[in-house]
Structure formats: structure tokens, C-alpha cells
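# Structure at a glance
Here is what each chain is made of, one letter per residue.
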Amino acid sequence: MRDRPARSSVHGDAPATRDPGLFALWVQSTRGHGAEEAEGAVETELARLRDEPVAAADLAKARAQLETAFWRGLTSSEGRAERLGEFEICAGDYARLLGRAAEYAQVDAQQVRRIARDYFAPGRRSVVIARPKPE
């Protein structure tokens, strides 16, 4: 069983709100890998973000993924309306949407480290563990 990946999925999200402050992270483990193991793996990665500069290739990949998701979200009229409304309500101005993709390119490794230190410090989180019902 150890040759199988320990996580079946990992997803993070910073909900768009006028007053940011929540970053949600969901980790699903594969059978045989418990919540404590997943939480330890998350803490290891958060510590790495706080303590080590992000590799240039990883930062470039993250930027590309964010920008791709951003443009993909604008491919339908529904997506455009949703994003314009989101920016008007959460950012205070729908026009800020127009510069969002360019903002991704401005993020550097030092900013990632600073944000990780500020927001991902030990003790600054709530952990919820949801376990499936026994079969």
C-alpha cells in the first residue's frame, strides 16, 4: 500500500471577499493514510514556503496555472458576468478585473515567503477533519 500516493487530491482556495483573511485547503487521503499524516505533510510544505525561497520554475508554473484558470473563467458570458460582479463587490471596482492577469506576473519569491510567514504561521489555523462513515 505504501507504493500508492498518500493523497488523492489537494485543493486550496482564497475566497474573494472584500476583507481577505481566509485561505482554505482541502486534502483527501487515500485509504490507509490518516488525517494526522496529511496534516503533517501540509505543515511540512507550509514550513518550506515560510523558510525557503520558491524555485523559479515552481513560481512560473503557479503563475501559468493561475493565469490559465483566470482566462478560462472568462470564456463564457456567465463567467464574465460572475467575475465582473465578484470584482465590483469584493475589490470595490469591476475594472480591477482587467489588470488581474498582469498582477500574477508581478509576484516574486520574496513576496510568497513573506505571505507564507504572515498567514501560514503555526497556530494561525483551524483544522476540520471529516471522516467517512464506516461501511
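Residues numbered from 1 in each chain as written. Predicted model: local features only at pLDDT ≥ 70, side-chain atom pairs only at ≥ 80, totals over all residues. Heavy atoms only, no water.

## Brief notes about the packing of aromatic side chains
Within the structure shown, the criterion is met by three aromatic pairs. Consider the rings of Phe23 and Phe120, whose centres lie 5.5 Å apart with planes at 65°: the pair is edge-to-face. Here the residue Phe23 occupies a position in the loop between β1 (7–13) and β2 (24–29), and Phe120 occupies one in the segment after α5 (109–119), the gap between them amounting to 97 residues. Residues Phe70 and Tyr104 carry aromatic rings whose centres are separated by 6.3 Å and whose planes lie at 80° to one another, so their mutual orientation is edge-to-face. In this pair, Phe70 sits in helix α2 (residues 56–72) while Tyr104 sits in helix α4 (residues 100–106), placing the two residues 34 residues apart along the sequence. Just as Phe70 is buried, Tyr104 falls in that class too. (Phe/Tyr/Trp six-rings, centres within 6.5 Å; stacked < 30°, edge-to-face > 60°. Helix = DSSP H or I, 4+ residues; strand = E, 2+ residues; numbered from the N terminus. Buried < 20%, exposed > 50% of the residue type's maximum accessible area, 1.4 Å probe, protein only.)

## Observations concerning a nonpolar patch on the surface
Together, Val10, Phe23 and Leu25 give the surface a local cluster of nonpolar side chains, amounting to about 280 Å² of exposed area. Judged by relative accessible area, which is 39%, Leu25 ranks as partly exposed. (Patch = residues over 30% accessible without salt bridge, like charges linked within 9 Å, V, L, I, M, F, W, Y side chains within 5 Å. Areas by Shrake-Rupley, 256 points an atom, 1.4 Å probe, with all protein chains shown as cover. Salt bridge = Lys/Arg side-chain N within 4 Å of Asp/Glu carboxyl O.)

## Remarks on the nonpolar core
Membership of the largest hydrophobic core is limited to six residues, which are Phe70, Leu74, Phe87, Leu97, Ala101 and Tyr104. Dropping the residues within four chain positions of it, Leu97 is found in contact with Phe70, Leu74, Arg83, Leu84 and Phe87. (Core = buried A, V, L, I, M, F, W, Y, C linked by side-chain atoms within 4.5 Å. Contact = heavy atoms within 4.5 Å.)

## Some details on the packing of helix α1 (residues 35–51) against α5
Describing two packed helices takes the angle between their axes plus the distance from one axis to the other. For the pair α1 and α5, the least separation of the axes is 7 Å and the interaxial angle reads 125°. The angle between α1 and α5 falls in the class oblique. Crossing angle aside, the handedness with which α1 passes α5 is left-handed. Mapping the contact onto sequence places Leu49, Arg50 and Asp51 in α1 and Val112, Arg113, Ala116 and Arg117 in α5. (Axes fitted to C-alpha atoms, helices over the stretch in contact; angles between N-to-C directions. Parallel < 35°, antiparallel > 145°, perpendicular 65-115°, else oblique. Left-handed = near helix turned anticlockwise from the far one by under 90°.)

## Points about the pattern of salt bridges
If you walk through the whole model with that rule in mind, you get eight salt bridges. Glu43 serves as the salt-bridge partner of Arg50, at 2.8 Å between the closest nitrogen and oxygen. Note on Glu43: relative accessible area 24%, which makes it partly exposed. We note a salt bridge from Glu103 to Arg100, for which the minimum N-O separation is 2.9 Å. Of the two residues, Glu103 and Arg100 are both situated in helix α4; the distance of three residues between them amounts to about one turn of the helix. Judged by relative accessible area, which is 30%, Glu103 ranks as partly exposed. Residue class for Arg100 comes out partly exposed when judged on its relative accessible area of 22%. Put simply, Glu43, Arg50 and Arg125 are held in one network by salt bridges that share partners.

## Looking at the environment of Arg83
As for its position among the elements, Arg83 is in helix α3 (residues 77–91). Taking the C-alpha atoms as reference points, Arg83 and Gly73, separated by 10 residues in sequence, lie 7.8 Å from one another. In this structure, Arg83 is in contact with Phe70, Gly73, Leu74 and Leu97, ignoring residues within four places of it in sequence.

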